[in-house]
Amino acid sequence: MKARNVMSKDYVGKTVWLRGWVHRKRNLGSKIFIVLRDSSGIIQCLVSKDRVDEETWSEAEKITRESSFIVKGVIREDRRAPGGYELLVEKLRIVGLSDVFPIRGGEGVDYLLDNRHLWIRSTKLTSVMKIKHSVLKAAREYLESNGWWEVTPPILTSSAVEGGATLFEVKYFDRKAYLSQSAQLYLEALIFSLEKVWSLTPSFRAEKSRTRRHLAEYWHLELEAAWYNMHDMMKVAEELVAYIIERVLRERKLELETLKRDTKILEESIHTPYPRITYDKAIEILKNKGMKIEWGDDLGADEERTLTMEFNKPFFVTHFPKQIKAFYMKLDPTRPDVVLGFDMLAPEGYGEIIGGSEREDDYEKLLKRIIEFGLNPDDYKWYLDLRKYGTVPHSGFGLGVERLVMWIAGLDHIRDATPFPRFRERIYP
RNA sequence: GCCGGGGUAGCUCAGCUGGUAGAGCGCCGGGCUGUUAACCCGGUGGUCGGGGGUUCAAAUCCCCUCCCCGGCGCCA
């Protein structure tokens, strides 16, 4: 049995066995309250000296916070118990006695990160992990039921996907290799047979970022489809996100409550389509707000945050100047100074969660772009090949899973959207 | 990489116009039959991040260095 299940009228008066960990212990002398935690939640257990055998009593006296134990008792309703139900203990046995637990409450960020392997048990992080589970499950469901093939691109690669972003270098036998920062180029190769593909992989960025929105290692959900133009792809992006949010709202109500997440904007976000504005329009809005920005500048964190306050659901910004976007994005044929690219920004100040585009499918144009960006065409030979053998219009996007989770869960830092966050200054534990 | 803040007890912090350290919590011991981060009484606790300098005297002033946090840039 699990703690949450037995906390109901149906179980009152019934004898149950539970196993879990000591969440809290309060010793009153001849009564000991032990709050049991298992993967489902918590329940208070009452050990009363006059109602248990000597062995159980001495186990209860000895047990410490975070010890694992097995307990047998009768469920009863009691207004004084947290949650309204408690277990009146008959037998209790310690399985793994815990040393003094290093986390008590009130510790600082650094200390908690050093003790991440223990802090991971907290109700907050447990709730986030459950939300992340539902996010991934919902994404897989959506893609599965809409005809997308799941594929497994490589993590070890021979060169950069795009110049600029820093790569982690690893020893690869006698050569150098890099940890992938995007599966996109490989997904592009796979659309020639499967047409609609997606992958969920770790991506790595060796940037020395110091922000609440960056991880050195994060989970990347990427889609790529043949015959899709930018607008087809944006429709997929918004449907996917809306579906995920709808599922999380339904499945993870309790966890969102635990996190004190105000779900008003999430409820809005299950309705598509999402608003679309062009980069031109974004600049205009920002200028009217008195921000110092000129056409051609990339949207910085402040600008993004300001824009997100204009909407009550995720929205798209499209048609960015070509110089601030990647080489593989297709230029707008009606206006070659902008690309057929789009970002999806989450509201409430969260900002970019998706980046996507229509890809350049013409060999000569792509080659020209690669050279313009100062990249070495030899590194992209196989990628260019795709434009020589039955090229096809296609589009794709990448979603930062932790960024999406961060927004849905209402977190103030991306590190809590993943169990063991990796930053420049942190690889332990 | 840049800007700002910070490293003092196991944890969170005070002390910083120089006079070799203090609180709360934890921990240990005792008490307690309805606690909700239980409470009450007693006890325990420190190379003041590291190195160098000034001084009779440095947690405190100066220089160097390491580490962490927040923000920006970069991006998902």
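Our structure's up above, just so we're on the same page.
All values derive from a computational prediction rather than experimental measurement.

Honestly, the overall build of chain A in this entry has me stumped. Any pointers?
When helices and strands are counted, chain A shows 14 helices and 18 strands. With the principal axes as the frame, chain A shows a C-alpha extent of 85 × 55 × 40 Å. Relative to its full complement of 429 residues, chain A shows a buried share of 51%. The long-range fraction of contacts in chain A, counting pairs at least 24 apart against all pairs at least 6 apart in sequence, stands at 67%. If you sum the accessible surface of chain A, you get close to 21,100 Å²; carbon and sulfur atoms cover 51% of it. Treating the 68 positive side-chain charges of chain A as one cloud and the 66 negative ones as another, the clouds have centres 6 Å apart.

I would appreciate a short explanation of the protein's contact with RNA strand B in the present structure.
Surrounding RNA strand B, one finds 54 residues, the nearest of these being K31, R76, R205, R212 and R213. Within 4 Å of the protein, the contacting atoms of RNA strand B are 45% sugar and phosphate, with bases supplying the remainder. Within the backbone of A301, one N or O atom sits 2.9 Å away from a phosphate oxygen of RNA strand B. In the environment of RNA strand B, a phosphate oxygen lies 3.4 Å from a nitrogen or oxygen atom belonging to the side chain of E352. If you list the elements that add at least two residues to the surface near RNA strand B, you get β1 (15-27), β2 (31-38), β3 (41-48), α3 (109-114), β11 (217-226), α11 (301-308) and β17 (351-358). Per-class residue counts for the surface near RNA strand B are 13 nonpolar, 14 polar and 27 charged.

I would appreciate a short explanation of α11 in the present structure.
Each α-helix turn comprises 3.6 residues. Residues three or four places apart therefore point the same way. Taken residue by residue, α11 has E303, E304, L307 and T308 as its buried positions. The arc that holds the buried residues of α11, viewed along the axis, is 130°, so those residues lie on one side. For α11, the elements touching its buried residues are β12 (276-278), α10 (279-288), β13 (315-318), β16 (341-346) and β17.

I tried to follow the packing of aromatic side chains on my own but got confused; where do I start?
Aromatic rings considered in pairs are described by the distance between their centres and by the relative angle of their planes. Applying the stated criterion across every chain yields a total of 14 aromatic pairs. Through a chain of ring-to-ring contacts, the aromatic side chains of Y186, F327, Y328, F373, Y380, W382 and Y383 assemble into a single cluster. Its end group placed over the ring of F320, K325 keeps NZ or CZ at 4.3 Å from the ring centre. When the ring centre of Y383 is taken as reference, the NZ or CZ atom of R387 above it lies at 4.3 Å.

Sorry, what's going on with the environment of A216 here?
Among the structural elements, A216 can be located in the loop between β10 (196-204) and β11. Of the residues examined, A216 reaches a relative accessible area of 11% and is grouped as buried. On a C-alpha basis, the gap between A216 and P421 in space is 8.1 Å, while along the polypeptide they are 205 residues apart. The contacts of A216, once residues within four sequence positions are left out, are F168, S203, F204, R205, R422 and F423.

It is not clear to me how the environment of G96 should be interpreted in this structure. Could you clarify?
Residue position: G96 is located in strand β5 (residues 85-96). We classify G96 as partly exposed; its relative accessible area is 28%. Taking C-alpha positions, G96 is 27 Å from K14, a pair spaced 82 residues apart along the chain. Sequence-distant contacts of G96, defined by excluding residues within four places in its chain, comprise S67 and S68.

Would you mind going over unusual backbone geometry with me for this structure?
Excluding glycine, residues mostly have negative phi values, and the peptide bonds linking residues are mostly trans. Here the residue pair T272 and P273 is connected by a cis peptide bond, since its omega of 0° sits within 30 degrees of zero. Summarising the element assignment, P273 is placed in the loop between α9 (264-268) and β12. The omega torsion of the bond from Y428 to P429 falls at -5°, within 30 degrees of zero and hence cis. Secondary-structure assignment places P429 in the segment after α14 (401-409). Of note in the backbone geometry, E66 takes a positive phi value of approximately 75° without being a glycine. Looking at where E66 falls in the secondary structure, it is placed in the loop between α2 (54-62) and β4 (68-77).

What is the right way to look at a nonpolar patch on the surface in this model?
A cluster of nonpolar residues, L156, Y172 and F173, forms a patch on the protein surface that exposes about 340 Å² of accessible area. Examined against the element boundaries, L156 turns out to sit in strand β7 (residues 156-157).

I'm lost on helix α6 (residues 184-194) in this one. Help?
Among all positions in α6, only Q184, L185, L187, E188 and I191 are buried. Down the axis of α6, the buried set is contained in an arc of 155°. They therefore lie on one face. Against β10, β11, α13 (381-385) and β18 (394-400) lie the buried residues of α6. Once α6 ends, the next one or two residues include E195, with phi positive near 65°.

Whenever I open this one, the sheet that holds strand β8 (residues 169-172) confuses me. Can you help?
Sheets are built from strands that pair by backbone hydrogen bonding, the pairs being arranged parallel or antiparallel. Spatially, three strands are ordered β7-β9-β8 in an open sheet, and the strand pairing comes out antiparallel. Strand pairing shows two members of the sheet lacking a second neighbour, β7 and β8, which therefore form its edges. In this structure, β7 lies alongside strand β9 (residues 175-179), joined through two bridges in antiparallel fashion. Its bridge partner being in β9, L156 is matched across the sheet by L179.

Cut-off values and rules
Residues numbered from 1 in each chain as written. Chains lettered and ligands numbered in written order. Predicted model: local features only at pLDDT ≥ 70, side-chain atom pairs only at ≥ 80, totals over all residues. Heavy atoms only, no water. Helix = DSSP H or I, 4+ residues; strand = E, 2+ residues; numbered from the N terminus. Buried < 20%, exposed > 50% of the residue type's maximum accessible area, 1.4 Å probe, protein only. Contact = heavy atoms within 4.5 Å. Areas by Shrake-Rupley, 256 points an atom, 1.4 Å probe, with all protein chains shown as cover. Lys, Arg positive; Asp, Glu negative; His and termini not counted. Charge placed at Lys NZ, Arg CZ, Asp CG, Glu CD. Near = heavy atom within 4 Å. Polar contact = N/O pair within 3.5 Å; in protein donor to acceptor, adjacent residues only side chain to side chain. Nonpolar A, V, L, I, M, F, W, Y, C, P; charged D, E, K, R; others polar. Arc of directions from axis to C-beta. Phe/Tyr/Trp six-rings, centres within 6.5 Å; stacked < 30°, edge-to-face > 60°. Lys NZ or Arg CZ within 6 Å of the ring centre and 35° of its normal. Patch = residues over 30% accessible without salt bridge, like charges linked within 9 Å, V, L, I, M, F, W, Y side chains within 5 Å. Salt bridge = Lys/Arg side-chain N within 4 Å of Asp/Glu carboxyl O. Pairing = 2+ DSSP bridges.

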